[in-house]
Amino acid sequence: MSSETPLLKVDAVQRFFDVSKPWLNRVLANEPKLLLKAVDDISFSIRKGETFSLVGESGCGKSTVARLIVGLYPTSSGSIEFEGTDFSTLSKRNQMAPLRRRMTMIFQDPYTSLNPRWRVRDIIAEPIRAFGLTNTGGISGSRLQIFNRVAELLEQVGLSAADGDKYPHEFSGGQCQRISIARALASEPDFIVCDEPTSALDVSVQAQILNLMKNLQRELELTYLFISHDLAVVYHVSDNIGVMYLGRLCEIADKETLFTNPRHPYTRMLFNAIPDINMSGKERIPVSGEVPNPIEPPSGCTFHPRCPIANERCKRERPELQIVDSHSQVACHAIEEKRNMEVHFI
Amino acid sequence: MLKRFFDSDLVYSFTRSPVTILAGLVTVLYFLASIFAGFVAPHNPFDMASLDIMDSFIPPVWEVDGDPRFLLGTDDLGRGILSTIIHGSRISLFIGFSSVIFSLVLGVGLGLVSGFLGGKLDAFIMRVAEIQLSFPAILIALLINGVLRGILPVGQQSNLAYYVLILSIGVSGWVQYARTVRGSTMVERNKEYVQSARVIGIHPLLIMWRHILPNVMGPILVIATIHLAVAVISEATLSFLGVGVPPTEPSLGTLIRIGNDFLFSGEWWITIFPGLALAILVLAVNLLGDWLRDVLNPKLR
Amino acid sequence: MSVPLLQINNLSIEFNTRRGNLVAVEDISFEVAEGEIFGIVGESGAGKSLTGKAIIGLLEAPGRISGGKILLNNERIDNLPYEQMRRLRGKSIGMVFQDPLTSLNPLYTIGRQLIETIQTHTNHTATQAKNRALELLREVGIPAAEKRIDQFPHQFSGGMRQRVVIALALCVNPKLIIADEPTTALDVSIQAQILTLLKNLCRKHGTAVILITHDMGVIAETANRVAVMYAGKIAEIGPVREVVQNPQHPYAQGLMASIPVIGRKMKYLAQIDGSMPRIAERPSGCAFHPRCPHAIELCNKQIPELLNKGKTKAACLLFRNGNP
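None of the values given here were measured: they were computed from a predicted structure.

Each value, and the rule that gives it
- Residues numbered from 1 in each chain as written.
- Chains lettered and ligands numbered in written order.
- Predicted model: local features only at pLDDT ≥ 70, side-chain atom pairs only at ≥ 80, totals over all residues.
- Heavy atoms only, no water.
- Helix = DSSP H or I, 4+ residues; strand = E, 2+ residues; numbered from the N terminus.
- Buried < 20%, exposed > 50% of the residue type's maximum accessible area, 1.4 Å probe, protein only.
- Contact = heavy atoms within 4.5 Å.
- Lys, Arg positive; Asp, Glu negative; His and termini not counted.
- Charge placed at Lys NZ, Arg CZ, Asp CG, Glu CD.
- Rg over C-alpha atoms; globule rule 2.2 N^0.38 Å.
- Areas by Shrake-Rupley, 256 points an atom, 1.4 Å probe, with all protein chains shown as cover.
- Domains from an automatic or database assignment.
- Buried area = accessible area lost by both parts, 1.4 Å probe.
- Salt bridge = Lys/Arg side-chain N within 4 Å of Asp/Glu carboxyl O.
- Polar contact = N/O pair within 3.5 Å; in protein donor to acceptor, adjacent residues only side chain to side chain.

## Remarks on the overall build of chain B
- Within chain B one finds 13 helices and zero strands.
- Moving toward the C terminus, one meets the helices and strands of chain B in the order α-α-α-α-α-α-α-α-α-α-α-α-α.
- Its C-alpha atoms give chain B principal-axis dimensions of roughly 75 × 50 × 30 Å.
- Residues classed as buried in chain B amount to 46% of the 301 residues present.
- Taking the contacts inside chain B whose residues are at least 6 apart along the sequence as the reference set, 71% of them involve residues at least 24 apart.
- Taken together, the 19 basic and 20 acidic charged side chains of chain B have centroids lying 20 Å from each other.

Rendered as structure tokens:
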């Protein structure tokens, strides 16, 4: 990977959630505190203008990473740097504002991500007002400016200016997602975190939204962090991809490398499970087992109970991400030891 | 806009339910009569000068000794029962309404803060609520009433009686609002539109006010309607127990208490008619509340 | 040719609301043969789930069947009285829903739910029923069935729960299973397991499956034949391979092209502009014509019928004279 300063750098970030029972119950039952390690020691960086994707199954912590980056949750440890500025060094609200403006988020559910009681115009104008992006020309002047800016944003995402008068329930799911995108663009950001932006949409609408996002990325030089469980979508949008399993990254690679030469056994398993729309007729080996309970993750490499090539070392020792070549990093003892895994995967 | 309102499901379901229409009419009638009590009532029962002790204990018109001036008869001071009921409803509704608003503001505020911020503050507010819930509401109202009366100077007591009542009934009723709002707030707080506002960095108080409050008000409207009936009854109970409004400006509860003394001497109308008036008002408001709850609850549709 | 297991003839489903009758499913016909996996695919609101519910008699008011016939083994089942339908549901048709958590009663052990279902529809003794339940659990691939049978639904993971639901549907050897988005709530790796299981069961017992989903990949992987639904009608119906790789109807073509495929490099996905109309706002003629790149003037007047086109049937006026 290149040596230029990344736009976003996530370094050894951890986030634990306290999932123990209420204090009194815990004391009476004499139970220890329970910690859920939702994100456990994750590091990656995103270059300006690229789309970096995080993939994984539900509960792997990918959405938590998204929320840590935009500041919805504080980190338990580790640092997140945006253009070299560490977030944890900024404590005051007004210090955060300039950074918050440049970084927004699009959510999964198009219906709940818009306040049902607000008109679309006010929804899109909220960031403009919050960051005071139009403070010229007095109150009436700025009101007109906001009005025009909202109209411009609506048209930019493929809706009409007149749609600003309506309420969210008057729109279809795809249109609601366009409104969410317009709101995300309102603060003129450089970086957008997209948390499963098309998972709740039908395929034909998904195509519209993905195309729109690609267009906007090109026009506005946006950088995306794209969270998804759908590998085909990830293949279509990403430049670089990180694969997560139980709160940890098991492989980071550029798109071509990952899809033509997946290394980590989990990545291979995921690829194996994708329904084959090309109907090539190749027989799949269904992977056995399920994602274990994240509160009591397996020892060593958390994937070892499902891994066909795990050995004693995998049960004991946790693998760290290691640079394999200029294209990819993998956290796997088997890769490091060059164990033969071809017999287990086709 | 008006057309949209008449086309809404609310109006549709209202016009489909005869019981609700009747309850609505009765409630509106009570409100109108209360607001315009001065014009509607045949006499002014608070004007001591106009009262004649010779008119006391006249039975309703249809009884043998009835007097056409007093449709529902008179009480011990010669006040027309109909007029006292109209003026009494006014006082009852005023106190009921004010204490509902007091409870609502207090309960919704605490519920929002509790549900949105969570943590120790939430735990504290909810424990207080639970402790209060373990006593009957009327006991809480009596307690607060007693404390306030103890604090106030003796001369001021009858002047401030209304406010003491509003405060005591109001404080006894906030818990339900707080618990409901807390629950819905905890649901709304995790919705993505709230998270989106947090990502922008909107102040938590503003998020509560602008984003969450409008979305949790639905059930509150239902509770407030039913609570109005409860508050009117609480006021009547307190007045009946003699710690409510003074007998010179009687509410429905006070009227029932006054009449109660004469029930066994045969002057039944003094207590029965205010009692009926109270029962009909409470029933009508309750029916409205039930209907509103059913309409606003999508699960029952 | 023998009679197909299930025949749907000109089925229509309506919703009676105070704003008038809304036709949700309009005049659809298809057949399902014994042992076949028949896919119904479409976007949300296309009417695919309603069709499934109509077959098993679970339409909820105000929805109702307003026309057409449903025949199972050549006997009408759409007009059966409630009690008979209930018996039929247990005996001949099984159902698997999207959310495995809500299709199991959280208060009973899964063993009790299985045994109860078995005893309702057969005259097994308690021991026989329990043995049958264990057999079913093993068959759907639940490890340590003897132990798991006494556990409650919440003690199972999502994938395992869906297996239990499938076991429940299999209790009395139904001829037909209707699976409504059975893998939508599951992760890809679990989805693959469940689909393989369904396929194997189908092959082994000769059970027919109607697989309702929005995911073309799942259909391509599992089904034999597929119907593509759009705005309450069947746009195209035919063998899966043909419909997926060589779709004829302009909507099916657009749908296939809009699916991102791993390995297919493209800057932008092909997209169909606009969105599927809501039930109350369906256009006249062919419901797809406002979005169709090939629409001709006739399209907003005449409702197209399913016509043979290659190896599939497509409802498009372009094919009315055997062309293009």
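## Considerations on the overall build of chain C
- When you go through chain C residue by residue, the secondary structure sums to 10 helices and 12 strands.
- Over its C-alpha atoms chain C spans a radius of gyration of 21 Å, differing by no more than 12% from the 20 Å that the globule rule assigns to 324 residues.
- Projecting the C-alpha coordinates of chain C onto the three principal axes gives extents of approximately 65 × 50 × 45 Å.
- Taken across its 324 residues, chain C has 54% of its residues classed as buried.
- A total accessible area of about 14,300 Å² is found for chain C, and carbon and sulfur atoms account for 49% of it.
- Across chain C, the mean location of the 37 positive side-chain charges is 2 Å away from that of the 28 negative side-chain charges.

## Notes on the domain arrangement of chain C
Residues and elements named next belong to chain C.
- Along its sequence, chain C is carved into domain 1 (1–37 + 52–223) and domain 2 (229–324).
- One C-alpha centre belongs to domain 1, the other to domain 2; they are set 29 Å apart.
- Residue-level contacts link 12 residues of domain 1 with 13 residues of domain 2.
- Between domain 1 and domain 2, the buried area comes to about 1,000 Å², and carbon and sulfur atoms account for 75% of it.
- If you sort the residues of domain 1 by the area they bury against domain 2, Glu26, Ile28 and Met216 come out on top, with a joint share of 46%.
- Taken together, domain 1 and domain 2 are joined by one salt bridge.
- In this structure, Glu26 and Lys233 form a salt bridge, with 3.3 Å as the shortest nitrogen-oxygen distance.
- Our count for the domain 1 to domain 2 interface comes out at four residue pairs in polar contact (both at pLDDT 80 or more).

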